[in-house]
Structures are given as C-alpha cells and as structure tokens.
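# Examination of the molecular architecture
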Amino acid sequence: MQTILRALSLALALTIIAALPAMAQTAAPAPQAAPAPADAAPAKKNEAAGRKTPVAIEHDDNDPVGARLAYRLKELLGRSSLMQPSNKDEKKIVLVLKTKEEFPGRAGLSAIYSASWLFSSKEGALKYFLTSEAGIVDNADIDQIAETLLGKTDKLVGTYGYLF
C-alpha cells in the first residue's frame, strides 16, 4: 500500500512540475515590443548600404605577371562600389598575394599565385586567417583571375561582415 501511495504522489508531483511552464505561458501576457521610430530604420539601412568595406592588397614579389595581377586587383578594387582600398589603421580585410614565375628563365609567360585573406582589426594586432587559394595565371587570364579574387573577397565580406 505504501509503495502505491509513493508512486501516485511521485506521478502527481511530476505532472504538476511538467504542467507549470505551460500554465505560466498561458497566464502571462505576451510582452509588447516597443515600435521603432519610423525614420530610424531606413537611416541605418542607407548607412549600411553606403558603407564600403576597407580592403588592403599586399604584394611584394617582382615577377612581371604577378605584378600585373596585383596592379589589376588594385585597379578593380578602386572602381568597386562595395569595397574600398585601404592602408589605414582600421578594421579591414587583407588580401595577401604571393607570386612566383612558373618557369624560371621564361619571365613574363605565367606565374604561380597564392592568395590568402586575413582579417585585421588594427596594425600590430594578430591578423586572423579567413581562407586561401592558389593557382596559375598567365597574361591572357589576368583580368579573369583578378575578378575572381575580388569576387571571393566580396563573398568573404558578406560572410564575415559582422566583424566590422
């Protein structure tokens, strides 16, 4: 008899504990969110839309094809409506481009490149690695590779935009 009584009281206690949150939700009125001022949201939206993400391109190698690729990247970055070239001490995406001649002794034919994207919060601070890519570029592909690298930069800006 005592075992049955304990089992019933335990079952009743568990039922009450399980039902308490449901009863609290139905009894409490839903909190009303304060409406945002009508003109504040569009201003913030326009401010974010008008902001260009700072991007720095670092290249210090001296092979001719790699130098042309770096120059083309900087040129396209300067024309971009989404990103702006930056060498200031600010939060920015840093595109580090390393290039070497593919065939030593045949300068100007093609180059091997490595592109690494980093996030820099300020000068002197540790830069955070985001991603990298490697490939081969020749004179005919410079424009296409430059556009591809900037496209990947824009995609990374969208992915890591919360850092700015």
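Now for a quick tour of the structure. Computed from a predicted structure; not experimentally measured.

## Brief notes about the side chain of Thr 53
If you trace the backbone, Thr 53 turns up in strand β1 (residues 53–58). With residues up to four places along the chain from it excluded, the contact list for Thr 53 reads Leu 82, Met 83, Gln 84, Val 157 and Phe 164.

## Considerations on the environment of Asn 62
Mapped onto the elements, Asn 62 comes out in the loop between β1 and α3 (64–79). Each C-alpha atom of the pair Asn 62 and Glu 101 lies 9.2 Å from the other, and the pair is 39 residues apart in sequence.

## Section: the sheet that holds β1
Strand order in this open sheet of five strands is β2-β1-β3-β4-β5, and the pairing throughout is mixed. For this open sheet the edge positions go to β2 (83–85) and β5 (128–138), each flanked by a neighbour on one side alone. If you compare each strand with its neighbour and ignore which way they point, the axes differ by 25° on average. Sheet topology places strand β4 (residues 110–120) next to β5; 10 bridges connect them, and they run antiparallel. Its bridge partner being in β5, Ile 112 is matched across the sheet by Ile 136. The sheet strands contacting α3 are β1, β2, β3 (92–101), β4 and β5, and the helix crosses β3 at an angle near 155°. In the packing of helix α4 (residues 142–159) onto the sheet, contacts are made with β1, β2, β3, β4 and β5, and the angle to β5 comes to roughly 165°.

## Concerning the pattern of salt bridges
Evaluated as defined, the whole model comprises eight salt bridges. For Asp 143, the salt bridge identified is with Arg 72, shortest N-O distance 2.7 Å. One end of the pair, Asp 143, is in helix α4; the other, Arg 72, is in helix α3, with 71 residues separating them in the sequence. Of the residues examined, Asp 143 reaches a relative accessible area of 40% and is grouped as partly exposed. For Arg 72, a relative accessible area of 16% gives the class buried. A salt bridge links Glu 123 to Lys 92; the nearest nitrogen and oxygen atoms lie 3.4 Å apart. In this pair, Glu 123 is assigned in the loop between β4 and β5 and Lys 92 in strand β3, connecting sequence segments 31 residues apart. Taking the relative accessible area as the measure of exposure, Glu 123 reaches 44% and is therefore partly exposed. Under the relative-accessibility criterion, Lys 92 is labelled buried at 4%. Among the charged side chains, a salt-bridge network with shared partners connects Arg 72, Glu 75, Arg 79 and Asp 143.

Definitions and cut-offs
Residues numbered from 1 in each chain as written. Predicted model: local features only at pLDDT ≥ 70, side-chain atom pairs only at ≥ 80, totals over all residues. Heavy atoms only, no water. Helix = DSSP H or I, 4+ residues; strand = E, 2+ residues; numbered from the N terminus. Contact = heavy atoms within 4.5 Å. Pairing = 2+ DSSP bridges. Axes fitted to C-alpha atoms, helices over the stretch in contact; angles between N-to-C directions. Salt bridge = Lys/Arg side-chain N within 4 Å of Asp/Glu carboxyl O. Buried < 20%, exposed > 50% of the residue type's maximum accessible area, 1.4 Å probe, protein only.

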